[in-house]
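The chain contents come next:
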Amino acid sequence: MGKTYERINGKLRRFIEEQPLFFTATAPLSGDGTVNLSPKGLKGSFVVLDELTVAYLDFAGSNAETVAHLRENGRITLMWCAFQGPPNIVRVHGRGEPVFRDDPRFAGLLAAFPTIDPAPHGLRAIIVVHAELVRDSCGYAVPRMAYEEDRDSHRRRFVREDDASLSAYFTGKEHIATSIDGLPGLPLPLPPSTV
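A short tour of the structure in this document, coming up. Sequence order sets the numbering: in each chain, residues are counted from 1 along the sequence as written. Local features in this predicted model are restricted to residues whose pLDDT is 70 or higher, and side-chain atom pairs enter the listing and the counts only when it is 80 or higher, whereas totals over whole chains, interfaces and linings include all residues. Hydrogens and water molecules were not included; the side-chain quantities draw on all heavy atoms of the structure.

Our next topic: the pairing of strand β4 (residues 46-50). Sheet analysis places β4 next to strand β5 (residues 53-58), joined by four bridges and oriented antiparallel. Paired with Val47 across the bridge in β5 is Ala55. For two strands to count as paired, DSSP must find a minimum of two bridges between them. Only DSSP runs of H or I with at least four residues qualify as helices, and only runs of E with at least two residues qualify as strands; both kinds are numbered from the N terminus onward. The antiparallel pairing of β4 with β5 creates a hairpin that spans two residues between the two strands.

This is how it looks when you write it as structure tokens:
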């Protein structure tokens with residue numbers, strides 16, 4: 001049933017880009033470290049950069065496990081599943097890196113997200129993933145669910161923050177600068193925003 005793809009293009013690319021939700025999975029190198037699995041959404045915050053590279057905007061949140069794991073070892077899996085239409089699950093296994101706001105590549109990468117205003121969401125980094133293995137599977141057991149709309153809770157929470165208050169917020173959180181397992185997370189204080 002499952003198929004391996006050499007490229008993210010055609011029907012596969014359309015499927016990925018149409019999904020309003022995807023998941024990221026990362027883990028530290030330590031065998032007893034904490035595996036992280038996170039849902040990601042917000043229309044326009046994910047893009048296919050080329051046939052083997054994808055990226056998403058890393059917004060303010062309550063921890064930075066994905067960033068910490070990527071800084072340590074780069075391993076990441078992204079997963080999309082169809083909640084509407086024909087059943088399907090797609091996974092992109094690869095190597096990722098967080099591109100922080102003071103990286104010279106940041107502005108160029110940010111231009112790849114023209115349909116979303118990242119400013120009111122507390123943009124911390126852009127996660128770039130280079131695909132090493134792309135596979136799909138049936139998804140027969142995934143339930144049918146209807147997508148209504150993105151929540152506006154995240155924007156309403158972080159729209160009032162500027163660089164200084166966002167850095168203060170992150171500094172006050174337990175697992176932003178350092179992961180649950182003690183790995184380096186988000187570099188603080190945040191460099192000034194370019195958006």
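Moving on to helix α1 (residues 10-18). Within the span of α1, buried status applies to Leu12, Phe15 and Ile16. All buried residues of α1 lie within an arc of 95° about the axis, which places them on one face of the element. Seen from the open side of α1, the exposed residues pointing more than 90 degrees away from its buried face are Lys11 and Glu18. Note on contacts: a residue pair qualifies if any of its non-hydrogen atoms lie within 4.5 Å across the two residues. Where α1 is buried, its residues contact β1 (3-5), β4, β6 (75-81), β7 (89-100) and β8 (125-137). Burial here depends on accessible area, computed with a 1.4 Å probe over protein chains only, as a share of the maximum for the residue type. Under 20% is buried, over 50% is exposed, and the range in between is partly exposed. The arc in question is traced by the directions running from the helix axis to the C-beta atoms.

With that settled, consider unusual backbone geometry. In this model, Leu188 is joined to Pro189 through a cis peptide bond whose omega is 0°. Looking at where Pro189 falls in the secondary structure, it is placed in the segment after α5 (163-172).

In this structure, β1 lies alongside β8, joined through three bridges in antiparallel fashion. Across the sheet, Thr4 pairs through a bridge with Arg135, a residue of β8. Judged from the six bridges that link them, β5 and β8 form a sheet pairing that is antiparallel. Bridge pairing links Asp58 to Ala125 in β8. Note: β7 against β8, twelve bridges, orientation antiparallel. By the bridge assignment, Arg91 is partnered in β8 with Arg135.

With that settled, consider the nonpolar core. One broad trend across soluble globular proteins is that nonpolar side chains are buried collectively. By size, the foremost hydrophobic cluster in this structure holds 31 residues, and its most contacted members are Ile8, Ile16, Phe46, Leu78 and Trp80. Those elements that place two or more of their residues in this core are α1, β4, β5, α2 (65-72), β6, β7, β8 and α5. The biggest single contributor to this core is β8, with five residues. Membership of the second largest hydrophobic core comes to 14 residues, among which are Phe59, Val99, Leu123 and Ile126. Residues belong to one nonpolar core when they are buried, are Ala, Val, Leu, Ile, Met, Phe, Trp, Tyr or Cys, and are joined through side-chain atoms within 4.5 Å.

Our next topic: the packing of aromatic side chains. Note on aromatic pairs: the rings of Phe, Tyr and Trp (six-membered ring only in Trp) are paired at centre separations within 6.5 Å, and the planes decide the class, stacked below 30 degrees, edge-to-face beyond 60, tilted for the rest. Applying the stated criterion to the full structure yields six aromatic pairs. For the ring pair Phe22 and Tyr56, a centre distance of 5.4 Å and an interplane angle of 70° mean the geometry is edge-to-face. With Phe22 in strand β2 (residues 22-26) and Tyr56 in strand β5, the pair connects residues that are 34 residues apart, well separated along the chain. Tyr56 matches Phe22 in its accessibility class, with the two residues each being buried. Here Phe158 and Tyr169 contribute two aromatic rings whose centre-to-centre distance is 5.5 Å and whose plane-to-plane angle is 75°, an arrangement assigned as edge-to-face. One end of the pair, Phe158, is in helix α4 (residues 153-158); the other, Tyr169, is in helix α5, with eleven residues separating them in the sequence. On the basis of relative accessibility, which here comes to 5%, the residue Phe158 falls in the buried class. What links up through ring pairs into an aromatic cluster is the set Phe22, Phe46, Tyr56 and Trp80. Working rule: Lys NZ or Arg CZ, within 6 Å of ring centre, within 35 degrees of ring normal, means a charge sits over the ring. One Lys or Arg, Arg124, reaches over the ring of Phe170 and ends 5.6 Å from the middle of that ring. Over the ring of Tyr169 we find Arg157; its NZ or CZ atom is 4.7 Å from the centre of that ring.

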